[in-house]
Amino acid sequence: MDARRAQEITSSPAMIDVTYNGQHVYIEHVDQSNGKATIHPLDNPDKKESVSVDSLMEQ
């Protein structure tokens with residue numbers, strides 16, 4: 001995924017299925033300047049992580 005698409009998903013009112021390492025995640029924030037996204041697993045909102053948007057997969 002690229003940073004532009006990750007930002008579109010973050011801004012969308014619809015819930016779009018995204019995975020990181022096979023786990024379903026929610027994208028909280030996208031930093032387009034460095035290609036990073038803050039995510040958390042759908043079942044664990046307290047486990048936030050900053051990852052490369054390249055590692056996110058839209059399902």
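Computed from a prediction, not measured in an experiment: that's the story for all the values here. (Residues numbered from 1 in each chain as written. Predicted model: local features only at pLDDT ≥ 70, side-chain atom pairs only at ≥ 80, totals over all residues. Heavy atoms only, no water.)

Q: For the sheet that holds strand 1 (residues 18-20), give the residues involved together with the corresponding values.
A: Spatial ordering of the open sheet is given by 4-3-2-1-5, a layout of five strands whose pairing is antiparallel. With one partner strand each, in any of the chains shown, strand 4 (49-52) and strand 5 (56-58) form the two edges of the open sheet. Each neighbouring strand pair of the sheet contributes to a mean axis angle of 50°, computed without reference to strand direction. Where strand 1 meets strand 2 (residues 23-31), three bridges bridge the pair, whose relative direction is antiparallel. The partner of Thr 19 across the bridge, within strand 2, is His 24. Contacts from helix 1 (residues 3-11) reach strand 1, strand 2 and strand 5 within the one sheet, and its direction differs from that of strand 2 by about 105°. (Pairing = 2+ DSSP bridges. Helix = DSSP H or I, 4+ residues; strand = E, 2+ residues; numbered from the N terminus. Axes fitted to C-alpha atoms, helices over the stretch in contact; angles between N-to-C directions. Contact = heavy atoms within 4.5 Å.)

Q: Quick rundown of the environment of Glu 8? Include the residues and the values.
A: Here Glu 8 is to be found in helix 1. Overall, Glu 8 belongs to the partly exposed group, its relative accessible area being 35%. Sequence separation of Glu 8 and Val 30 is 22 residues, and the distance between their C-alpha atoms is 9.6 Å. Of note is the side chain of Glu 8, whose polar atom sits 3.1 Å from the side chain of Arg 5. (Buried < 20%, exposed > 50% of the residue type's maximum accessible area, 1.4 Å probe, protein only. Polar contact = N/O pair within 3.5 Å; in protein donor to acceptor, adjacent residues only side chain to side chain.)

Q: So what about the side chain of Thr 19? Which residues, and what values?
A: With respect to the secondary-structure elements, Thr 19 resides in strand 1. If near-sequence neighbours (up to four positions away) are discounted, Thr 19 is found in contact with His 24, Val 25, Ser 55, Leu 56, Met 57 and Gln 59.

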